[in-house]
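Structure assessment
Residue-level listing of the chains:
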Amino acid sequence: MKKILLIGLPIVAVIVIAGMTLASRSRGTAGIAVETEQAGRRQVVQTVTATGKIQPMIQVNISADVSAKITRLEVEEGQWIEQGTLLVELDREAYLAAVESAEANLSAAQANANLARENMVKAEKDYVRTKELFDRNLESQSVLDTVYAAAEVEKARYQSVLDQGEQAKAALRQARDALAKTTIYAPMSGTVSMLNKEIGEIALGSQFQEDVILEISNLEGMEALVDIDENDIVSVSIGDEAEIEVDALPDVKLKGRVTEIANSAKSSGAGTTDEKTEFEVKVAVIDPVAELRPGMTASAEIVTKVCDDCLSVPIQSVAVRTLDQIGAEGAEEGDDGRFTPDSEGFVEIVWVVADGRAHARQVKTGIQSETHIEIADGLEDSDQVVIGNYRAISRDLKDNLVVEVGGAQEG
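Described below are features of the structure shown in this document. Being a predicted model, the structure only gives us computed values, none of them experimental.

1. Concerning the overall build of the chain
- On a plain count of helices and strands, the chain comes out with six helices and 23 strands.
- Buried residues in the chain amount to 34% of all 411 residues.
- For the chain, restricting intrachain contacts to residue pairs at least 6 apart in sequence, the fraction spanning at least 24 positions comes to 75%.
- Of the accessible surface of the chain, which amounts to about 24100 Å², a share of 50% is contributed by carbon and sulfur atoms.

Structure follows, in structure tokens:
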């Protein structure tokens, strides 16, 4: 009997220790509270959000082509004007004088041309007469050569005077053109959206620099000019629909459409931690409202892709783990038949609850909205997916771990 007890005690001790170990492991991994939701099909809309300013689709800067003082200013800011309306008149005195001077120069050039032509005709006649005398041996070769040279000189002088006359005509055209540019008319119908000058100020000719006198805008056609990050611009295409919100009109949502995407990027904060590269995108406002004004701050939510009926889960349900972090069998050897890590050793997974345990499922994701992400492969419609809490999804859950479905545990 003693021998039986002596033999049995170690066995019982082993069983008790094993049971305690299993219980300890069970207590350490079981009962993690999670929330679940059945994977389902829904519409997933992928968007890109960007901010910028409202501006007219058509806007013309009016500046002078010649420099002069403003003597008349016929419009006011906010005024509607028709094409051809007189906008600005500049001081004309200097340009009128330039035209008169050019006209006098042209008259002088024409008079010189007449005189030169008469001299040329006379020189040619002298040559003809001298040639006749030479042919009859009544005049020497040297005299003939001298008369011939004089005729050629007069012919060249006449051509030179004609060229001077053409230059005088060109100078007159230029002077008249400058005079005409002292009066500026509206090139299009629209609203005077900005007025920078007053009567008496100097307007600098645009051949030196752009000196905008006023702006004319077609406020019936408005657009949002927004900046989109280089990582998002590849998703945006011409024709994408958008929803535009304007800070000054909080209760108004406007429909828009992408009409133009910049080919070149613009960078800011170069060499700093705030460096960023963005592309300008124009989003036309399809249904502008009367209160919309150029310069208003706006944000555009551009729809880049839509999946009408795709299997999806909440974004927070998808985690990225290594095999060790998943706790899958075979992880210690760095391999598991159910998982294929990427080049950096990570696996994109979703936790699925079945029979009271959490199971890691490798998934292939697609587009995502603000709340849900498309699951292209790896899940079924009937799967119960863990949607909370964040700490459990991202850190605490292990493959085949016992879980308690119910209230969410604080992460």
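2. Some thoughts on the pairing of strand E2 (residues 40-56)
- Inspection of the sheet shows E2 paired to strand E16 (residues 297-314) by 13 bridges, in the antiparallel sense. Residue pairing in the sheet places Val45 in a bridge with Val306 of E16.

3. Let's talk about helix H3 (residues 141-180)
- Taking 1.5 Å as the rise per residue, H3 with 40 residues should run 58 Å; its terminal C-alpha atoms sit 59 Å apart, in good agreement.
- For H3, the full list of buried residues reads Leu144, Val147, Ala151, Glu154, Tyr158, Val161, Gly165, Ala168, Leu172, Ala175, Ala178 and Leu179.
- The elements touched by buried residues of H3 are helix H2 (93-135) and strand E7 (183-185).

4. Focus: the layout of surface pockets
- One number sums up the size of the largest pocket: a volume of about 160 Å³.
- Around the largest pocket, the lining residues are Glu241, Ala242, Glu243, Lys253, Leu254, Lys255, Gly256, Arg257, Ile286 and Val303.
- Elements with a contribution of two residues or more to the lining of the largest pocket: strand E12 (241-246) and strand E13 (249-261).
- Of the residues forming the lining of the largest pocket, the biggest block, five residues, is contributed by E13.
- Of the residues belonging to the lining of the largest pocket, the class tally is four nonpolar, one polar and five charged.

5. Here's the deal with the pattern of salt bridges
- For the structure shown, the criterion picks out 22 salt bridges.
- A salt bridge links Asp211 to Lys197, with the shortest nitrogen-to-oxygen separation between them at 3.2 Å. Linking Asp211 in the loop between strand E9 (202-203) and strand E10 (212-217) with Lys197 in the loop between strand E8 (190-195) and E9, this pair joins segments that are 14 residues apart in sequence.
- The residue Glu280 makes a salt bridge to Lys266 at a minimum N-O spacing of 3.4 Å. Taken together, the residues span a long stretch of sequence, with Glu280 in strand E15 (residues 276-285) and Lys266 in strand E14 (residues 266-268) at a distance of 14 residues.
- Since its relative accessible area comes to 32%, Glu280 is described here as partly exposed.
- On the accessibility criterion, Lys266 (36% relative accessible area) is partly exposed.
- Salt bridges here are not isolated pairs; linked through shared partners, they connect Arg72, Glu74 and Glu89.

The rules we used
- Residues numbered from 1 in each chain as written.
- Predicted model: local features only at pLDDT ≥ 70, side-chain atom pairs only at ≥ 80, totals over all residues.
- Heavy atoms only, no water.
- Helix = DSSP H or I, 4+ residues; strand = E, 2+ residues; numbered from the N terminus.
- Buried < 20%, exposed > 50% of the residue type's maximum accessible area, 1.4 Å probe, protein only.
- Contact = heavy atoms within 4.5 Å.
- Areas by Shrake-Rupley, 256 points an atom, 1.4 Å probe, with all protein chains shown as cover.
- Pairing = 2+ DSSP bridges.
- Expected span 1.5 Å × (residues − 1).
- 1 Å grid on protein atoms, 1.4 Å probe; cavity = no way out; pocket = protein on both sides within 12 Å on 5 of 7 lines; lining within 4 Å.
- Points joined across faces, edges and corners; volume = space filled by probe spheres on them.
- Nonpolar A, V, L, I, M, F, W, Y, C, P; charged D, E, K, R; others polar.
- Salt bridge = Lys/Arg side-chain N within 4 Å of Asp/Glu carboxyl O.

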